[in-house]
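# Structural characterization, general
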Amino acid sequence: DQQVKQNSPSLSVQEGRISILNCDYTNSMFDYFLWYKKYPAEGPTFLISISSIKDKNEDGRFTVFLNKSAKHLSLHIVPSQPGDSAVYFCAASATNTDKLIFGTGTRLQVFP
Amino acid sequence: DAGITQSPRHKVTETGTPVTLRCHQTENHRYMYWYRQDPGHGLRLIHYSYGVKDTDKGEVSDGYSVSRSKTEDFLLTLESATSSQTSVYFCAIRPSGRGLGSSYNEQFFGPGTRLTVL
């Protein structure tokens, strides 16, 4: 049973436009959410996170939105750049657990 | 840079042989993790450690064992490798000094080991 789902395996966006990556979760105990970015032949790198006490967190071109009632979060990248082309993983955790649960990833391609 | 190295970075082995992957960290973090990444599955936790000699299973632990005799090293062993264990393996740490509670659950990953079992 996939507790964290990324239903879009891939996304293609033109440079300068907005990229929106989506993530859904099923476990209502999750209260902290993270996005990771992964380039080929490298380890995932932490990008941005959000606690369930917030509905938005922003860091430069990256913004994560959380809709707790819908059990949905999204990552917005504005403006998208070719260097953003990577696989993006959504992850979730619950209070007092030591583990992250990851989604299956979305491959973002930003073209000129 | 969380000071995480993995060795080897690439390995090809045959079915039935034992394989040990090493994760080394330089910053004395208490928590260390082993994941595997496969197409269509994302990152799945194999085992993790919350201190020297303290380990626990993840969601895909069958066929794997771990050991942590020193803070800085976390070893993943495939006792008898199978083709289904062909994957990319990542080690991760959770920074020390962060208490329990989801606000401190960021993990930082090593560069990975690509393992092929023929």
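Right, let's walk through the structure included here. Note that the structure is predicted; figures quoted are calculated from it, not measured. (Residues numbered from 1 in each chain as written. Chains lettered and ligands numbered in written order. Predicted model: local features only at pLDDT ≥ 70, side-chain atom pairs only at ≥ 80, totals over all residues. Heavy atoms only, no water.)

### Examining the packing of aromatic side chains
Enumeration over the complete set of coordinates arrives at 15 aromatic pairs over all chains. Residues Phe-102 of chain A and Tyr-35 of chain B carry aromatic rings whose centres are separated by 5.5 Å and whose planes lie at 85 degrees to one another, so their mutual orientation is edge-to-face. Linking Phe-102 of chain A in strand E10 (residues 101–102) with Tyr-35 of chain B in strand E4 (residues 31–38), this pair reaches from one chain into another. You'll find Phe-102 of chain A and Tyr-35 of chain B in the same group, each marked buried. Members of the aromatic cluster, each reached through a chain of ring pairs, are Tyr-36, Phe-46 and Phe-102 of chain A together with Tyr-31, Tyr-33, Tyr-35, Tyr-48, Tyr-50, Phe-90, Phe-108 and Phe-109 of chain B. (Phe/Tyr/Trp six-rings, centres within 6.5 Å; stacked < 30°, edge-to-face > 60°. Helix = DSSP H or I, 4+ residues; strand = E, 2+ residues; numbered from the N terminus. Buried < 20%, exposed > 50% of the residue type's maximum accessible area, 1.4 Å probe, protein only.)

### Digging into the pattern of salt bridges
Residue and element names in this part refer to chain B. Inspection of every chain in the model, using the stated rule, returns seven salt bridges over all chains. When the shortest N-O distance is used, the salt bridge between Asp-73 and Arg-22 registers 3.1 Å. On the criterion of sequence distance, the pair formed by Asp-73 in strand E8 (residues 73–78) and Arg-22 in strand E3 (residues 19–25) is long-range, its members being 51 residues apart. Classification of Asp-73 as buried rests on a relative accessible area of 8%. The salt bridge involving Asp-73 is made with Lys-70; its shortest N-O contact spans 3.3 Å. (Salt bridge = Lys/Arg side-chain N within 4 Å of Asp/Glu carboxyl O.)

### A short note on the side chain of Ser-49 of chain B
All names here are of chain B. Mapping Ser-49 onto the fold places it in strand E5 (residues 42–51). A polar side-chain atom of Ser-49 sits 2.9 Å from a polar atom in the side chain of Arg-68. When near neighbours in sequence (up to four residues on either side) are disregarded, Ser-49 contacts Arg-30, Tyr-31, Met-32, Asp-54, Thr-55, Arg-68 and Phe-74. (Polar contact = N/O pair within 3.5 Å; in protein donor to acceptor, adjacent residues only side chain to side chain. Contact = heavy atoms within 4.5 Å.)

### Quick look at unusual backbone geometry
Looking along the chain, the bond that leaves Val-78 of chain A and enters Pro-79 of chain A is cis, with omega of -15 degrees. For the bond running from Ser-7 of chain B to Pro-8 of chain B, omega is -10 degrees, close enough to zero to count as cis. Note on placement: Pro-8 of chain B falls in the loop between strand E1 (4–7) and strand E2 (10–13). Positive phi is not limited to glycine here, since Ala-41 of chain A has a value of about 65 degrees. Relative to the elements of secondary structure, Ala-41 of chain A occurs in the loop between strand E4 (30–38) and strand E5 (45–51). A relative accessible area of 66% means that Ala-41 of chain A is categorised as exposed.

### A few points about the nonpolar core
Note that soluble globular proteins tend to have their nonpolar side chains buried in a common cluster. Ranked by internal contacts, the top residues of the largest apolar core, which has 24 residues, are Phe-33, Trp-35, Leu-73, Leu-75 and Tyr-88 of chain A. Of all the secondary-structure elements, those providing two or more residues to this core are strand E3 (19–25), E4, E5, strand E7 (62–67), strand E8 (72–77), strand E9 (86–94) and strand E11 (106–111) of chain A. Take this core: its biggest share by element is five residues, from E9 of chain A. Apart from the residues within four sequence positions on either side, Phe-33 of chain A is in contact with Tyr-25, Ile-48, Ser-49, Ile-50, Leu-66, Leu-73, Ala-91 and Ala-92 of chain A. Counting residues in hydrophobic clusters, the runner-up holds 19 residues, among them Val-19, Trp-34, Val-66 and Leu-78 of chain B. (Core = buried A, V, L, I, M, F, W, Y, C linked by side-chain atoms within 4.5 Å.)

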